[in-house]
Amino acid sequence: AYRRQRQMCIRDRINTYASASAVAENFGLGLTSSSAGVLGRADIGGSVKAYINSSTLNVSDDIVVQALDEKSINASVRSNSSAAGLISMATGGVNLTTSITTAIDAYSSASTLNADDVTVLAQSKLAVDANSQSLTAGSLAVGANNVTVNIKPTLNSWVSGNITAANLSVQSILNKRDSSAY
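Residues numbered from 1 in each chain as written. Predicted model: local features only at pLDDT ≥ 70, side-chain atom pairs only at ≥ 80, totals over all residues. Heavy atoms only, no water.

As a further point, take the environment of Ala 75. Mapping Ala 75 onto the fold places it in strand β4 (residues 62-84). For Ala 75, a relative accessible area of 1% corresponds to the buried category. On a C-alpha basis, the gap between Ala 75 and Ser 132 in space is 8.5 Å, while along the polypeptide they are 57 residues apart. (Helix = DSSP H or I, 4+ residues; strand = E, 2+ residues; numbered from the N terminus. Buried < 20%, exposed > 50% of the residue type's maximum accessible area, 1.4 Å probe, protein only.)

With respect to the secondary-structure elements, Ser 157 resides in strand β7 (residues 140-164). A distance of 3.0 Å separates a polar atom in the side chain of Ser 157 from the backbone oxygen of Gln 171. With residues near it in sequence (within four places) discarded, Ser 157 still touches Ala 106, Val 120, Ala 122, Val 170, Gln 171 and Ser 172. (Polar contact = N/O pair within 3.5 Å; in protein donor to acceptor, adjacent residues only side chain to side chain. Contact = heavy atoms within 4.5 Å.)

This part covers the environment of Ser 88. Its location among the elements puts Ser 88 in strand β5 (residues 87-114). Overall, Ser 88 belongs to the buried group, its relative accessible area being 4%. The spatial distance from the C-alpha of Ser 88 to the C-alpha of Gly 30 is 8.0 Å, given a sequence separation of 58 residues. In contact with Ser 88, other than residues within four places in its own chain, are Thr 32, Ala 83, Gly 138, Ser 139 and Leu 140. Of note is the side chain of Ser 88, whose polar atom sits 3.3 Å from the backbone oxygen of Ala 83.

Take the pairing of β4 next. With 18 of its 23 residues buried, β4 lies for the most part within the structure. Inspection of the sheet shows β4 paired to strand β6 (residues 117-137) by 20 bridges, in the parallel sense. Paired with Leu 68 across the strands is Gln 123, a residue of β6. (Pairing = 2+ DSSP bridges.)

A few words on the pattern of salt bridges. All chains considered together, the criterion is met by two salt bridges. One salt bridge connects Asp 43 with Arg 41, and the closest N-O pair in it is separated by 2.7 Å. Measuring nitrogen to oxygen at the nearest pair gives 2.5 Å for the salt bridge that ties Lys 71 to Asp 69. (Salt bridge = Lys/Arg side-chain N within 4 Å of Asp/Glu carboxyl O.)

Shown next as structure tokens:
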């Protein structure tokens, strides 16, 4: 059976994509050298709050307080360095740092709630895909890659006051999709 809900819902969704590249090439007959380097950074921060504060609600259906936060980063950097000659040296490298810092709060504070069911939910869905590529070519070639992924969520859900309901659910849920760094 379908039941209509009286809801309070705040939703925040951010999707970010970052890309950077560098190319250096040098050709000569004698001594040649070539260098390329890339620094990349992608950061997301923020907060989401859903709450009932110092209120009285008498509802014939359900009360839902939900703070939902969805954030993802897709970042890539690429460096190519090549040198050609009798004696050639090539250096290249990339450094990529990504971070998601978020705070999610769902609560009912100092309130009187009368309903069939009361649900308080703080939920965060986070994902990072970070890709670094570096190609170096020469008779002497040196390359280096570094990728750092930081995911720092804070979730809080709670209730205080007088609650009359058949069911009370208070949850904080963190969904971290398998992040990749390569």
